[in-house]
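Report on the structure
Given next are the chains, with one letter for each unit.
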Amino acid sequence: MAETDDENERLRAAALQNVQSIRAARQRAEEELLGTQRELRAAQERLQLVLDNLPLAVAWIGADSRYRFANPVFAQWVRHSLDEIVGRKVDEVLESKVVAMIGPHIDRVLAGEVVEYERTAQLPGLGERWIRIVFTPTYASADAGKRVDGWLAVGADVHESRMTSQRLREADRRKDEFLATLAHELRNPLAPIRSAVEIMRIAEYDPEVWGNARDIIERQVRQMVRLVDDLIDVSRITTGKLVLRRALADATAIARSALEGVAPAVKDREHHLVTRLPEGALYIDADATRLTQVFLNLLNNAVKFTDPGGRIEFEVGAEGADLVARVRDTGIGLSSEQLDSIFGMFTQGDITLERSSSGLGVGLALARRLVELHGGQVVARSAGLGQGSEFEVRLPRIVRPAARLDAPAPRAAKMSPRRILLVDDNRDFVQSLAGLLRGMGHELRVAHDGASGLEAALAFRPEVAFVDLGMPTLNGFDVARRLREQPGTEGCTLVALTGYSQPLDRERARDAGFDEYLVKPVEIERVRIILSGL
């Protein structure tokens, strides 16, 4: 009997120990479950934080087309609160036309396909925008492919990048058109120049024939210089380096100067030019050279886009506190779309083959910017294509000038013969300029590179040295510095020759020791003034 009691006691102790073990195991399991639940909640909170702060619209839709989840960006897109979205069906949240548009995509994603598309959409919270959407199927279990239970929709607003891409493509297209037009515009004057040179080469000297050929070359070179000058000015404006040299100026005199500049083109196309200018002076605060350029660009534009024999009117006058200049023509006119864009850079009024001289499309853009820098405005008007055009410039005028106009620059005095050194690696340029200088009675030495120029300078001891800046091996800046350093040439007048005209280039030339700066093609009158000023 005692043995039985002992056995029962052992069984009760073992049972109690098992119960305690089970309780401990259950407690550990409950703690692990609570830990797992906490981790799950923390993970869900982190996921929610990420989804709430994503710059993307995110929604999870079940196979029954009801929203299970949506983030704030999606709510903003559809202009609903999250409470108004979750639990409702797609056709209760989105507009009917949007539902009809995405219907085929929903069918594909429910069939297990990832769907991507990009299109414009009218969204209540954004307006019409380019958006990119990705539908990704979700599955009822980890065994993907068993059953699609819905899809994840992720949307991105790609409107700005799409617009930027379109602008870049448009800019690239306009660049290609511009380069093609530039090549065309450069070939146009080169053809008659080459023909004129050929005439002078094969024809015996005849004053009339050679004079006509010379006039052709002069006109076409002037056209090329104007083309290059416009491009340089555009570069200065776009980089903010264009500086006006404003002073008291007479708008009437400026207008007459522009008329002189356009006269050969008017005569060539047999236009009838009507001018109405004040008898006296109209005073303005302006850079006379730049304002002449404005009037000349507008006049050239009228000449170019008016068929031969057309009528062009140019009037300048005072209206209240404004100076007003108008250029009217009977040319091809402008459509309403062109009126909105005609002052854009590289915009051309007509680029058809029938009108081969369409220009680079910088003249009007340059004119407008120059007028704006003077505190004025320029507008275009036209009754339509084939109805002619009118361009109007308004600038503030000075009613009672407090200062007098500067006196005209004196003519170059008669020159004494000078010892001149010419250093340039362009042999044709050297030959032509040397011929002109010798024709003026000057004594010349010529060199075609920097090292030879220095040797010639030591032996010749020139009074004036014209030095090209862009020579190989030893450039013009180095030549100038050495001429300033070596005895016998330190006092020589140094004149830089270059195709570059930016302020930085001029500053470098001054630092190297140059006294004057000439931009190619060199104006011979400027050379005369420099030499006579010695």
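The notes below deal with the structure included here. Treat the numbers as computed from the prediction; the structure is a model and nothing was measured.

Reading guide: rules and limits
Residues numbered from 1 in each chain as written. Predicted model: local features only at pLDDT ≥ 70, side-chain atom pairs only at ≥ 80, totals over all residues. Heavy atoms only, no water. Phe/Tyr/Trp six-rings, centres within 6.5 Å; stacked < 30°, edge-to-face > 60°. Buried < 20%, exposed > 50% of the residue type's maximum accessible area, 1.4 Å probe, protein only. Helix = DSSP H or I, 4+ residues; strand = E, 2+ residues; numbered from the N terminus. Lys NZ or Arg CZ within 6 Å of the ring centre and 35° of its normal. Pairing = 2+ DSSP bridges. Axes fitted to C-alpha atoms, helices over the stretch in contact; angles between N-to-C directions. Contact = heavy atoms within 4.5 Å.

**What to know about the packing of aromatic side chains**
According to the stated counting rule, one finds four aromatic pairs in the structure shown. Between Tyr67 and Phe74, the aromatic rings sit 5.5 Å apart at their centres with planes inclined by 45 degrees, giving tilted as the arrangement. Given the relative accessible area of 11%, Phe74 is considered buried. Consider the rings of Phe295 and Phe314, whose centres lie 5.7 Å apart with planes at 65 degrees: the pair is edge-to-face. Residue Phe295 is found in helix α9 (residues 288-304), and its partner Phe314 is found in strand β9 (residues 311-319); the two are separated by 19 residues along the sequence. The same class applies to Phe295 as to Phe314, namely buried. What links up through ring pairs into an aromatic cluster is the set Tyr117, Phe135 and Trp151. We note Arg162 situated over the ring of Trp130; from NZ or CZ to the ring centre the distance is 3.6 Å. Lying over the aromatic face of Phe429, Lys520 brings its terminal NZ or CZ to 4.6 Å of the ring centre.

**Description of the sheet that holds strand β4 (residues 127-139)**
On the basis of which strands lie adjacent, the open sheet formed by five strands has the order β2-β1-β5-β4-β3 and antiparallel pairing. Edge positions in the sheet fall to β2 (67-70) and β3 (115-123), since each of these pairs with one other strand and no more. Across the sheet, the mean angle separating the axes of adjacent strands is 25 degrees when strand polarity is ignored. Relative to β4, β3 runs antiparallel, the two sharing nine bridges. Residue pairing across strands places Leu123 opposite Gly127, the latter belonging to β4. Contacts from helix α5 (residues 96-110) reach β3, β4 and β5 (148-157) within the one sheet, and its direction differs from that of β3 by about 170 degrees.

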